[in-house]
Amino acid sequence: MEKSTGVIWDESYFWHQTGNGALNIDSGGWIQADTHAENPETKRRVKNLLDRSKFMKELQQIEPREALPEEVEMNHGRDYIKKIKRLSDSGGGDAGEHAIVGPDSYEIALLSAGGAITAIDAVMQEKVNNAYALTRPPGHHAEQDEGMGFCLFNNIAIAAKYAKEKYGLKRIVIIDWDVHHGNGTESAFRNDPDVLFISVHQENIFPKRRGQMSYTGEGDGEGFNVNIELPAGTGNEGYFYTFDQVIEPIIDQFEPELIMVSAGQDPSRFDPLGRMLMTSDGFYQLAMKVKALAEKHCEGRLVACHEGGYSTAYVPFCTIRILEALSGKQSGVDDPFDQGYHEGPLYQNQIDAVEKVKEIQGKYWRL
Ligand code: ZN
């Protein structure tokens, strides 16, 4: 069988329950709750669109396995892991700031982290060209001993540590394009020069006091953490500019052996939790840029892990375009929201933001 793009997916990812809420707040308080923002529908609809368009047949579905407790322990404290299990077994509870645990969430979170590990194995063992882990719950906000921002275990951090351990990789880059800062992943590798973490996010959004450009890592990891804060309203052109001016030259100098992406589709223009203006075509172009970097430096080895994205109507169109880019195949699906939309220009405040990053990171990289 011709090698393709792997999609890691399991029905139980859609069974992690976050209950009622109003956007990101739990039920109770002043406003009637409807559905919590991090609910199964967005990601389920990604799968629905892949099936309905028959594009799934062009991709290679791979079943995930559960992460082993010792694999999760590479990134999380034993007591924290036990706490998630205890909450999950007792019907649910709270694992941190906006980190809801429902019944059976422990097993599903193990399968979500295991999905990212499965993606690593599939790519490293050359079963697929690249892989997309369509898993839930997401991971990039989860800290070592604390859940946060709908995340319980940090899937991408666990998978990167697994890749280092199992395959002896010395240079991994993680690009986090979720609209929020990937604080948990940053924490996981803050002292580690083997993992270059690049987060591009909307400034001053979530979590508070994280993701500042001035933070560049520490100890041996100093210079291997790149935070890019972009102003609200940055659209495709601003993201492309950021990639071309900062992300690509840094990755060219780092020469990764594997590229990973925390793919949150919440910089989309319809996202209820973000204020960016990316279109489905913008995500396609970003994925093409990352794929080209992977081909240039590491024989195309690329693993993407789905993070946030809360527009149930739009995230599926963004994600299918990413999968088109990764696979080099066409789904035949037109983005129905594209009609009449004019791409936003590159504004001066976006250029200024990138110049600031270049100034800070210029200490470590030729920019
Ligand atoms: Zn997010």
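Residues numbered from 1 in each chain as written. Predicted model: local features only at pLDDT ≥ 70, side-chain atom pairs only at ≥ 80, totals over all residues. Heavy atoms only, no water.

Colleague: In this structure, what is going on with the sheet that holds strand β11 (residues 195-202)? I would like to understand it.
Modeller: Backbone-to-backbone hydrogen bonds pair the strands of a sheet. The strands run either parallel or antiparallel. One open sheet accounts for eight strands, arranged β4-β1-β8-β14-β13-β10-β11-β12; its pairing is parallel. Of all the strands in the sheet, the pair left with one neighbour each is β4 (60-62) and β12 (225-230). Ignoring which end each strand starts from, the neighbouring axes of this sheet average 15° apart. By the bridge criterion, six bridges tie β11 to β12 in an arrangement that is parallel. Looking across to β12, one finds that Ser199 is bridged to Asn227. Helix α7 (residues 236-254) contacts β10 (172-176), β11, β12 and β13 (258-263) of the sheet and is inclined by roughly 175° relative to β11. (Pairing = 2+ DSSP bridges. Helix = DSSP H or I, 4+ residues; strand = E, 2+ residues; numbered from the N terminus. Axes fitted to C-alpha atoms, helices over the stretch in contact; angles between N-to-C directions. Contact = heavy atoms within 4.5 Å.)

Colleague: What's the story with the coordination of the zinc ion in this structure? I'm lost.
Modeller: Each donor-metal-donor angle would ideally measure 109.5 degrees in four-coordinate tetrahedral geometry, or 90 or 180 degrees in six-coordinate octahedral geometry. Around the zinc ion, the protein contributes the donor atoms Asp178 (OD), Asp178 (OD), His180 (ND1) and Asp266 (OD), which lie 2.0 to 2.7 Å from the metal centre. What the four donor atoms of the zinc ion show is an angle range of 53 to 153° at the metal, which sorts the shape as irregular. Sequence spacing of the donors to the zinc ion: D-x1-H-x85-D. Side by side, Asp178 and His180 carry an identical accessibility label, which is buried. (Donors = N, O, S within 2.8 Å, 3.2 Å for Na, K, Ca; no water. Tetrahedral: all angles 85-135°; square planar, octahedral: opposite > 155°, others 65-115°. Buried < 20%, exposed > 50% of the residue type's maximum accessible area, 1.4 Å probe, protein only.)

Colleague: Before we go on, may I ask you to explain empty space enclosed by the protein in this structure?
Modeller: A water-sized probe, rolled over the atoms, reveals where empty space remains. Evaluation of the coordinates by the stated rule reveals two cavities of 30 Å³ or more. Computed from the structure, the largest cavity encloses a volume of approximately 40 Å³. Trp177, Val261, Ala287, Val290, Leu302, Ala304, Ile322 and Leu326 are the residues that line the largest cavity. If you list the elements that add at least two residues to the lining of the largest cavity, you get α8 (280-298), β14 (302-306) and α9 (315-327). By residue class, the composition of the lining of the largest cavity is eight nonpolar, no polar and no charged. (1 Å grid on protein atoms, 1.4 Å probe; cavity = no way out; pocket = protein on both sides within 12 Å on 5 of 7 lines; lining within 4 Å. Points joined across faces, edges and corners; volume = space filled by probe spheres on them. Nonpolar A, V, L, I, M, F, W, Y, C, P; charged D, E, K, R; others polar.)

Colleague: What exactly am I supposed to notice about the packing of aromatic side chains here?
Modeller: Centre-to-centre distance and the angle between the planes together describe a pair of aromatic rings. Following the criterion strictly, the structure yields twelve aromatic pairs and no others. Taking 5.9 Å as the distance between ring centres and 90° as the angle between the ring planes, the aromatic pair formed by Phe224 and Trp365 counts as edge-to-face. Within this pair, whereas Phe224 is found in the loop between β11 and β12, its partner Trp365 is found in the segment after α10 (348-361), the two being separated by 141 residues in sequence. Trp365 gets classed as buried once you look at its relative accessible area, which sits at 9%. Taking the centre distance of 5.1 Å and the plane angle of 55° together, the rings of Phe270 and Phe337 count as tilted. Of this pair, Phe270 sits in the loop between β13 and α8 while Phe337 sits in the loop between α9 and α10; the two residues are 67 residues apart in sequence, bridging distant segments of the chain. Of the residues examined, Phe270 reaches a relative accessible area of 37% and is grouped as partly exposed. Given a relative accessible area of 30%, Phe337 falls into the partly exposed group. Feature note: the residues Phe270, Tyr314, Phe317 and Phe337 constitute an aromatic cluster, connected by ring pairs. (Phe/Tyr/Trp six-rings, centres within 6.5 Å; stacked < 30°, edge-to-face > 60°.)

Colleague: Before we go on, may I ask you to explain a nonpolar patch on the surface in this structure?
Modeller: A cluster of nonpolar residues, Ile25, Trp30 and Ile31, forms a patch on the protein surface that exposes about 440 Å² of accessible area. In this fold, Trp30 is placed in the loop between β3 (25-26) and α1 (41-52). Using a relative accessible area of 91% as the deciding quantity, one classes Trp30 as exposed. (Patch = residues over 30% accessible without salt bridge, like charges linked within 9 Å, V, L, I, M, F, W, Y side chains within 5 Å. Areas by Shrake-Rupley, 256 points an atom, 1.4 Å probe, with all protein chains shown as cover. Salt bridge = Lys/Arg side-chain N within 4 Å of Asp/Glu carboxyl O.)

Colleague: Hey, could you run me through α8 in this one?
Modeller: Since the α-helix packs 3.6 residues into each turn, any two residues three or four apart lie on the same face. Here α8 contains 19 residues, and its C-alpha end-to-end distance of 26 Å stays within 8% of the 27 Å for a straight helix at 1.5 Å per residue. Looking at the buried residues of α8, the elements they touch are β8 (130-133), β10, α7, β13, β14 and α9. Phi turns positive, to about 50°, at Glu299, one or two residues after α8. (Expected span 1.5 Å × (residues − 1).)

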